Amino acid sequence: MAIIYPLKLRLSSTSTKIVIGIIWAVAFSLAFPQCYYSVTQYYPPRTICMVNWPDDYGGKHHLTYQIAMIILIYLLPLLVMLVTYSLIGQTLWGSEIPGEASDHYQNQIQAKRKVVKMMIVVVMTFALCWLPYHIYFILGSFNNEIYMQTYIQQVYLAIFWLAMSSTMYNPIIYCCLNQRFRSGFRHAFSWVPFVKVSEEDKMELQHTRTFRMTRSCRTDNTKNTVVRPQLHPT
C-alpha cells in the first residue's frame, strides 16, 4: 500500500488491531484440531503426546487436515507474497525518479533495488523453511512407517525448529538490507546500554517523519480541492 498507493490513507490503529486479532483467531482455529485430538500415552520410560485422529494416521481426517494446512498456511501465503511482491518489485524497478542523474539519484536507484532483493530473500526464506515440514507430514499421511524409523524424532525436531525459526529471519533480513529499519531498530532499543543512535540514524528517521507529514498534507489538499468552472468570454 505504501509503495504502490502512496497517497492512500493507511489503516488506522483500531483497524490494524482488528486485523491482527482476526489473524490470531484464524491461527488458533487452524491449530485447534491437533489440540482437540491430542492424547498422552505412557511408553516406559517416556510419556508421549500424540494426535489420535478418529480414523488414525493416514485416514480421511488426518489427510484432509494436512492438505488444508498446506494450502492455507503454505501455498496460499506463498502465492500472495509472490503476486504482491512481484507488483511491488515491478513498481520499484520500473519507476523513474525525477531529476538529473546525480549521486543522490543513483543512491535512490540502489535503495530501490535493495528493496526488491530483500523481498526476494523473504519469499525464498519462507518457502525453504516450511517446505520440509509439510513434506514430512504429507509423507507420513501416506506411509505411517516413517514415524517408526530410528532417528525420526531427531529429524522431526530439526524440521520443526527450522519451520518455527522462519518467524525470526525477517527482522534480520530487514536489518541487513534496509538502512531505515536499522535506524528505527536502534531508536527503539536506544535504552539498551550498548545500542547507540548515530546522527545518520536521526537524519534517516527525521526524513521519514517529514515525508509522512508532506504526503499527509498532499492527501488532505487533494481531498479538499474544489474544481471551479472557468468562464470563457464569447
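All of the points below concern the structure found in this document. Everything numeric in this text was worked out from a predicted model, so none of it was measured. (Residues numbered from 1 in each chain as written. Predicted model: local features only at pLDDT ≥ 70, side-chain atom pairs only at ≥ 80, totals over all residues. Heavy atoms only, no water.)

1. Comments concerning the overall build of the protein
Tallying secondary structure elements over the protein gives 7 helices and 2 strands in all. Along the protein, helices (α) and strands (β) appear in the sequence α-β-β-α-α-α-α-α-α when read from the amino end. Counting every position in the protein, which comprises 234 residues, the buried fraction comes to 21%. Approximately 17,900 Å² of the protein is accessible, and the part contributed by carbon and sulfur atoms is 66%. (Helix = DSSP H or I, 4+ residues; strand = E, 2+ residues; numbered from the N terminus. Buried < 20%, exposed > 50% of the residue type's maximum accessible area, 1.4 Å probe, protein only. Areas by Shrake-Rupley, 256 points an atom, 1.4 Å probe, with all protein chains shown as cover.)

2. Here's the deal with the packing of aromatic side chains
All chains considered together, the criterion is met by 14 aromatic pairs. Between the aromatic rings of Phe137 and Tyr156, the centroid separation amounts to 6.1 Å while the plane-to-plane angle is 85°, which identifies the pairing as edge-to-face. Here Tyr156 lies in helix H4 (residues 152–164) and Phe137 lies in helix H3 (residues 103–142), a separation of 19 residues in the sequence. An aromatic cluster is present here, built from Trp130, Tyr133, Tyr136, Phe137, Tyr156, Phe160 and Trp161 joined pairwise through their rings. (Phe/Tyr/Trp six-rings, centres within 6.5 Å; stacked < 30°, edge-to-face > 60°.)

3. Let's talk about empty space enclosed by the protein
Overall, the coordinates contain 1 cavity of 30 Å³ or more when judged by the stated rule. Estimates place the volume of the largest cavity at around 50 Å³. Around the largest cavity, the lining residues are Gln34, Tyr65, Gln66, Met69, Ile73, Tyr133, His134 and Phe137. The set of elements that each furnish at least two residues to the lining of the largest cavity consists of helix H2 (60–94) and H3. Tallied by class, the residues present in the lining of the largest cavity amount to 5 nonpolar, 3 polar and no charged. (1 Å grid on protein atoms, 1.4 Å probe; cavity = no way out; pocket = protein on both sides within 12 Å on 5 of 7 lines; lining within 4 Å. Points joined across faces, edges and corners; volume = space filled by probe spheres on them. Nonpolar A, V, L, I, M, F, W, Y, C, P; charged D, E, K, R; others polar.)

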